[in-house]
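For reference, the chains in residue letters:
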Amino acid sequence: MQDELNQAFRLDGRVAVVTGAASGIGREAARVFALAGARVVLGDVNEAGLAESVAAVQAVGGEASARRTDVTQRAEVDALAEAAVRAMGRLDVWVNSAGAVTYGAVLETAEPELDRLTNVNLKGTYWGCAAAARAMQAQGAGSIINVSSTGADSAGAGLSVYAMTKAAVNTLTRTCAKEFGSFGVRVNAVAPGWIDTPMANTRFRDSDGEIDPELRERGLRDRAQASPLGLTGVPRDVALAMLYLASDAGRFVTGQVLRPNGGASMP
Ligand SMILES: NC(=O)c1ccc[n+]([C@@H]2O[C@H](COP(=O)([O-])OP(=O)(O)OC[C@H]3O[C@@H](n4cnc5c(N)ncnc54)[C@H](O)[C@@H]3O)[C@@H](O)[C@H]2O)c1
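Conventions adopted
Residues numbered from 1 in each chain as written. Predicted model: local features only at pLDDT ≥ 70, side-chain atom pairs only at ≥ 80, totals over all residues. Heavy atoms only, no water. Near = heavy atom within 4 Å. Polar contact = N/O pair within 3.5 Å; in protein donor to acceptor, adjacent residues only side chain to side chain. Areas by Shrake-Rupley, 256 points an atom, 1.4 Å probe, with all protein chains shown as cover. Helix = DSSP H or I, 4+ residues; strand = E, 2+ residues; numbered from the N terminus. Nonpolar A, V, L, I, M, F, W, Y, C, P; charged D, E, K, R; others polar. Domains from an automatic or database assignment. Buried < 20%, exposed > 50% of the residue type's maximum accessible area, 1.4 Å probe, protein only. Contact = heavy atoms within 4.5 Å. Buried area = accessible area lost by both parts, 1.4 Å probe. Pairing = 2+ DSSP bridges. Axes fitted to C-alpha atoms, helices over the stretch in contact; angles between N-to-C directions.

Considering the site of the ligand
So, point 1. Among the 29 residues in the neighbourhood of the ligand, the closest are listed as Ser23, Ile25, Asp44, Tyr162 and Thr197.
So, point 2. Measuring from an oxygen atom of the ligand, one finds a side-chain N or O atom of Ser23 at 2.5 Å.
So, point 3. With respect to the ligand, the backbone of Ile25 contributes an N or O atom lying 2.8 Å from an oxygen atom.
So, point 4. Expressed as a share of its isolated accessible area of 820 Å², the protein-covered part of the ligand is 90%.
So, point 5. Put simply, the parts of the chain that give the shell around the ligand at least two residues each are α2 (24-35) and α6 (160-180).
So, point 6. Residue composition of the shell around the ligand, grouped by class: 14 nonpolar, 12 polar and three charged.
So, point 7. Taken domain by domain, the shell around the ligand gets at least three of its residues from each of domain 1 (2-195 + 235-258) and domain 2 (198-232).

Overview of the environment of Leu5
So, point 1. Note that Leu5 resides in helix α1 (residues 2-8).
So, point 2. With relative accessibility at 48%, the residue Leu5 sits in the partly exposed group.

Considerations on the domain arrangement of the protein chain
So, point 1. Once the domains are mapped, the protein chain shows domain 1 (2-195 + 235-258) and domain 2 (198-232).
So, point 2. Contacts between the two partners involve nine residues from domain 1 and, on the opposite side, 11 residues from domain 2.
So, point 3. Buried area between domain 1 and domain 2, summed over both chains or domains, comes out near 800 Å², and the portion from carbon and sulfur atoms is 68%.
So, point 4. Summed over the three residues of domain 1 that lose the most area to domain 2, namely Val101, Tyr103 and Trp194, the buried surface amounts to 72% of that side.
So, point 5. Joining domain 1 to domain 2, the criterion identifies one residue pair in polar contact (both at pLDDT 80 or more).

Regarding the sheet that holds strand β6 (residues 185-190)
So, point 1. Read across the open sheet, the seven strands follow the order β3-β2-β1-β4-β5-β6-β7; overall the sheet is parallel. At either end of the open sheet lies a strand with only one pairing partner, and these are β3 (64-68) and β7 (257-258).
So, point 2. Alignment of β6 against β7, held across two bridges, turns out to be parallel. Across the sheet, the residue bridging to Ala189 is Val257, located in β7.
So, point 3. Lying on the sheet, helix α8 (residues 235-246) is in contact with β4 (93-96), β5 (142-147), β6 and β7; it crosses β6 at an angle near 160°.

The structure is reproduced here in structure tokens:
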């Protein structure tokens, strides 16, 4: 019985690509997938961070390779998928975790900032879905996981661009689930609440760019209050939700947005 349960969540023999894998949620997803038996291929613009993530995977006995990839460039995303298939022989799981955030009122947002976020969060996810599905179509199976946000569920002053891109990721997820289902590819999103990563801590930086411990403590308290559980999240909370969607345990699940957010939003 225990073996049967373990098996449902294992990824032995499978290959997973993770974008945004140099940090935070993407790094932990790579580590958890490796713990479940997958070989992982990591993409990000941050090469030093990628090297640390490869080391983190190897530290748990996993096999990882990395490739510098800017997800805003379609050719680079395609090349990441092709390199994974060439090196590993197959592609079973693809996570679009590369992302960026910006804060600012609608009346003050400058066009380059809007373009930057749209390019990373939306276009990057779009090309990721396309490249993954192309590779998975030949196999007749696969699982694509997009990273949305609780921010897509509720209006937050100052978060217009970020929330807009993440709401679009939810819609893209459902469209891809419809288009790719006929050839066995599932497409889902995770929409985390506040998760303790470098991105989430940008709000707690002082004017020198250092994290202000008092600001952070207050910020964490406020965010925990948004959860009925009184909790904030860590990357592992999201990575384990991704494992469910990536593995056979999630075989009947597609077109869904799973919210590891401590109950911070319940649409
Ligand atoms: N941390 C949170 O509270 C939270 C909540 C909801 C959703 N998210 C989403 O989770 C995802 C991961 O965020 P995180 O919190 O781990 O942040 P993070 O900053 O730790 O990681 C994001 C990674 O994306 C990479 N990246 C940025 N632009 C890129 C590009 N053009 N091409 C390739 N890689 C690029 C960065 O280099 C970085 O390694 C993002 O999509 C984010 O929007 C985070």
